[in-house]
Amino acid sequence: MDIRIHGPEADDSERQAVDSVLGGQARPPRDLLLPALHAVQDRFGWLQPGALNYICMRMDLPPAEVFGVSTFYHLLSLSPAPLRVVHVCDDIACRIKGAEAICAELEKNGTPWKRSPCLGQCERAPATLTLGGNGGNAGTDTKLVLQNLVSVPAFPPFPPDGRLVRRIGKIDPASLVEYEREGGYRGLKRALEIGPEAVIREVTASNLVGRGGAAFPTGRKWDAVSKVAARPHYVVCNADESEPGTFKDRILMEGDPFAIIEGVTIAAFATGAERGFIYIRGEYPLAIERIQAAIQAARAAGLLGKNILGSGFSFDIEVRRGAGAYICGEETALFNSIEGKRGEPRNKPPFPVNVGLFGKPTVINNVETLANVPLIVTEGGAAFAGIGTSGSTGPKLFCLSGHVARPGLYEVAFGKTLRELIDMAGGVPGNKRIQSILLGGAAGVFIGPERLDVPLTFEGTRAIGATLGSGVVMVFDETVDMWDILSRIAEFFRDESCGQCVPCRVGTVRQKELLGRLRSGRTIGSQADELALLNEIGQAMRDASICGLGQTASSAIESALVNLKL
Ligand SMILES: Cc1cc2nc3c(=O)[nH]c(=O)nc-3n(C[C@H](O)[C@H](O)[C@H](O)COP(=O)(O)O)c2cc1C
Ligand code: SF4
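Residues numbered from 1 in each chain as written. Chains lettered and ligands numbered in written order. Predicted model: local features only at pLDDT ≥ 70, side-chain atom pairs only at ≥ 80, totals over all residues. Heavy atoms only, no water.

### Some remarks on the overall build of the protein chain
- Of regular secondary structure, the protein chain possesses 24 helices and 13 strands.
- In summary, the protein chain has a C-alpha radius of gyration of 23 Å against a globular reference of 24 Å for 566 residues, a match within 12%.
- Its C-alpha atoms put the protein chain at 65 × 65 × 50 Å along the principal axes.
- Among the 566 residues that make up the protein chain, the fraction classed as buried is 58%.
- Within the protein chain, residue pairs in contact and separated by at least 24 positions form 72% of the contacts whose partners lie at least 6 positions apart.
- Carbon and sulfur atoms form 52% of the exposed surface of the protein chain, whose accessible area is close to 21900 Å².
- A gap of 2 Å separates the mean positions of the 60 positive and 63 negative side-chain charges of the protein chain. (Helix = DSSP H or I, 4+ residues; strand = E, 2+ residues; numbered from the N terminus. Rg over C-alpha atoms; globule rule 2.2 N^0.38 Å. Buried < 20%, exposed > 50% of the residue type's maximum accessible area, 1.4 Å probe, protein only. Contact = heavy atoms within 4.5 Å. Areas by Shrake-Rupley, 256 points an atom, 1.4 Å probe, with all protein chains shown as cover. Lys, Arg positive; Asp, Glu negative; His and termini not counted. Charge placed at Lys NZ, Arg CZ, Asp CG, Glu CD.)

Spelled out as C-alpha cells, the structure:
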C-alpha cells in the first residue's frame, strides 16, 4: 500500500518501543496493532504522533485506520498525558464507599488522576489503580498518597471445601509444583488418556453452562466447533471482565492462574485447536503478569507447546491485553480487538463456532467456565451434574459488594438463597435496612428486600424476572440515593456503547437525559409520560440493537423503577 505520512518522524526511542513488539518482521500481522499501541502508551504515557506514524509505515496501515483504533479505547491517549495516572473507580460499588473523597484528595495534592468505570475491585471499594510506565498496580501507590484511606487485602479467606477457590491463597500462584501438588494438571492428563470425544461427552454430561452471562451450554459449543471441517480452530478465554460489580475472574487469574491455563488447554484438545488467546482487560495488570508467568512455566514443563506430555497434541497460548472498553467483553467485539480492529461487535449469525477469530471456528469461554473444566474431566461429568440443582449444576462464584460486612468472592453450590449468601457475607453493617439488591451487574436487575428468599439458580432468578448474569450481588442499604445509582448506570451504558447501532447510540443518551429529568422533577409532560418514553426507548434498544449491550442497557433502570419504591 502507498502509505503517505504527514507529521513528525519517529525518533530512536519511539522506534524502539514499536520494534519491541513488531520485531524485524517485514510486514507484521494486523493483530499486533493493539500490542504496538500499548508499547507506545506504556513508554510515553500517550500515543506520540511520531510513534503512530512509524506504526503505520511498519504495518502498512493507513493513518485513518490506526487513528480509528487508537480512539476506540479509553486507556489509550492521543493527547499528551502524564506517564503514570491514578484511575479512580467512581462506579456504583465505589461511589457508595467514598470514591468522591478519593477524587477530592487526589485533586488537592496534585496527583494525576482520572475517573474510571468499574475497575473490577468492588470487594475493596473504593478502588483505585495506578497505570503507566510498564504495567500498573492496584491500590499501592495511591494507598501511600492517601495514607491508608484504601486498604487492599491479599485474598479473602476461602472455605477449605471450595472447589474453584480451593487453591487460592493456599498455593504460590507462580509455582507449578504447588499447583500440581494440589491436584493441578490431573484434568489434562486424564483428557489426554480418554481422547477429545470423551472429554466433550463429560463436559456435556456435566450440564456446565457458561459463566460469562449468557449461560450457554459449554458442551454444545465445544461439540459444534469440533465438528467444523474448516481449519485452524481457535480457543479464546474471555477475561475482559468489565461488568460493573464483577471481580471473580480477576481473583481466579491472580490466585490460581495454572487452573485457567489447564482449562484452556483441555478446551483446545477437545476441539482441535492449536492456538489460543487469553484476552485480559488492561485494568488487570497483576492477572496479566501471573497468567503470563504461568504460561511460561507450563511451556518450560512441556504442558504447552509442541507434543504436550508426549501425546502428539500441540498447543500454545498468547495473552492479549485489552485497553479499556467494556464492549470488548462481547465475544465478537473481542475477536475484532484481537485482530487489531476497533472493538465493535459483529452481526450474528454467523456464530463464532463457525466464523470466529480470524474468520475461523472458535470456542470462546469465560474464565470461570474454563476453571470448572479440569474438575469436570477429573471427577466426571455426572459427579459435577450432581452438585447444585438439576437446572443449574456445579459450584458458582458470586461477587458480593456494597453494603455487606465482608464484601468478597463467595463460592457456593447453586441453590443457596440470596438471604443465605448475604448472611455468609456478614449481613448489612450497622443494622441498616436493605433497600435493594442488584443481581447480575449493570446489565442485570434490581430487586427489593422482599425477594431475599429467591434461590440463586438460573431457573430461580428467571422465575422472578431477574438474572444471575456474571454473578454480581450488590447490596444497597437504606441510606443510598438510588437515583444517583441509576444515573451512573445510564452514564456507563452511554459511554460504553460502541455507537454502531442507532437505537443503542441514541437510546443510551436519551435514557441518561430522561433519568436526569425524572430525578430533578423537571419532566417534559407528566411523570407518567416520561416513564412511558423510558419504556419505549428500552424496547427500541432491545428490538433493534445488534448486541447484548444495547439489548440490556435499560434492564437495571427499568427494573428499579418497577421493583423499588423510588
Ligand atoms: C456487552 C457485553 C459484555 C460482555 N462481557 C463479558 C466479559 O467480560 N466476560 C465474559 O466472559 N463474557 C462477557 N460477555 C459474554 C460473551 O459475549 C460470551 O457470551 C462469553 O464470553 C461466552 O463464554 P461462556 O459461554 O463461558 O459464558 C459479554 C457480553 C456482552 C453483550
Ligand atoms: S448494541 Fe450498542 S454496543 Fe452493541 S453493537 Fe450496537 S451500538 Fe455497539
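After that view of the structure, there is still more to cover.
### A short note on the pairing of strand 7 (residues 316-321)
- As paired elements, strand 6 (residues 273-280) and strand 7 share six bridges and run parallel to each other. When the bridges of strand 7 are listed, phenylalanine 277 appears paired with glutamate 318. (Pairing = 2+ DSSP bridges.)

### Let's talk about the site of ligand 2
- Of all residues adjacent to ligand 2, which total 13 residues, the nearest are Cys498, Gln500, Cys501, Cys504 and Cys547.
- Spatially, ligand 2 is embedded in the largest cavity.
- Here the residues of the shell around ligand 2 are counted per class, giving eight nonpolar, five polar and no charged. (Near = heavy atom within 4 Å. 1 Å grid on protein atoms, 1.4 Å probe; cavity = no way out; pocket = protein on both sides within 12 Å on 5 of 7 lines; lining within 4 Å. Sits in = over half its atoms within 2 Å of the grid points. Nonpolar A, V, L, I, M, F, W, Y, C, P; charged D, E, K, R; others polar.)

### Digging into the packing of aromatic side chains
- Within the structure shown, the criterion is met by 13 aromatic pairs.
- A centroid spacing of 4.8 Å and a plane angle of 65 degrees characterise the contact between tyrosine 326 and phenylalanine 492, whose relative ring orientation is edge-to-face. Highlighted residues: tyrosine 326 in the loop between strand 7 and helix 15 (331-338) and phenylalanine 492 in helix 20 (residues 482-496), separated in sequence by 166 residues. Pair check on accessibility: tyrosine 326 and phenylalanine 492 agree, each one buried.
- Members of the aromatic cluster, each reached through a chain of ring pairs, are Tyr179, Tyr185 and Phe258.
- Sitting over the ring of tyrosine 284, arginine 281 keeps its end group 5.3 Å from the ring centre.
- Directly above the ring of phenylalanine 398 sits lysine 396, whose terminal nitrogen or CZ lies 5.6 Å from the centroid. (Phe/Tyr/Trp six-rings, centres within 6.5 Å; stacked < 30°, edge-to-face > 60°. Lys NZ or Arg CZ within 6 Å of the ring centre and 35° of its normal.)

Interpretation in functional terms is not warranted from these geometric data alone.
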